[in-house]
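Each chain is listed here by its residues.
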Amino acid sequence: MQHRTIFEVMTHDVITTAPDTPFRQIARPFADHDVSAVPVVEADRRLLRVVSEADLPRAYDNLARDVEPLR
């Protein structure tokens, strides 16, 4: 295999999200852009974290446990 740089193989048009994006909206970039992870960035584009498809079910389960049942 020929030697390649990270720059040559990385994604250049990166889809990002803000830390205050509602949980229900985060699934859209995964479906619309066929990506498996989305960087979470501040307004100045500073990277905070990366949320992956694997994070979503776990986060949803945690949210569901925090909701009180209707009476």
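Structure's up top.
Predicted, not measured: the structure shown is a model, and the values here were computed from it. (Residues numbered from 1 in each chain as written. Predicted model: local features only at pLDDT ≥ 70, side-chain atom pairs only at ≥ 80, totals over all residues. Heavy atoms only, no water.)

A. Structural detail: unusual backbone geometry. We note that Asp 34 has phi near 50°; this positive angle belongs to a residue other than glycine. Assignment of secondary structure puts Asp 34 in the loop between helix 2 (27-33) and strand 1 (37-41). Look at Arg 45: it is not a glycine, yet its phi comes out positive at around 75°. (Helix = DSSP H or I, 4+ residues; strand = E, 2+ residues; numbered from the N terminus.)

B. Expanded view of the pattern of salt bridges. Enumeration over the complete set of coordinates arrives at 3 salt bridges. With its nearest N and O atoms 3.8 Å apart, the salt bridge here joins Arg 28 to Asp 32. One end of the pair, Arg 28, and the other, Asp 32, are both in helix 2, 4 residues apart, so they sit about a helical turn from each other. The exposed category is assigned to Arg 28, whose relative accessible area is 58%. Between Asp 44 and Arg 46 there is a salt bridge, with the nearest N and O atoms lying 4.0 Å from each other. Asp 44 sits in the exposed class, given a relative accessible area of 55%. Three or more residues joined by partner-sharing salt bridges are found here, namely Glu 42, Asp 44 and Arg 46. (Salt bridge = Lys/Arg side-chain N within 4 Å of Asp/Glu carboxyl O. Buried < 20%, exposed > 50% of the residue type's maximum accessible area, 1.4 Å probe, protein only.)

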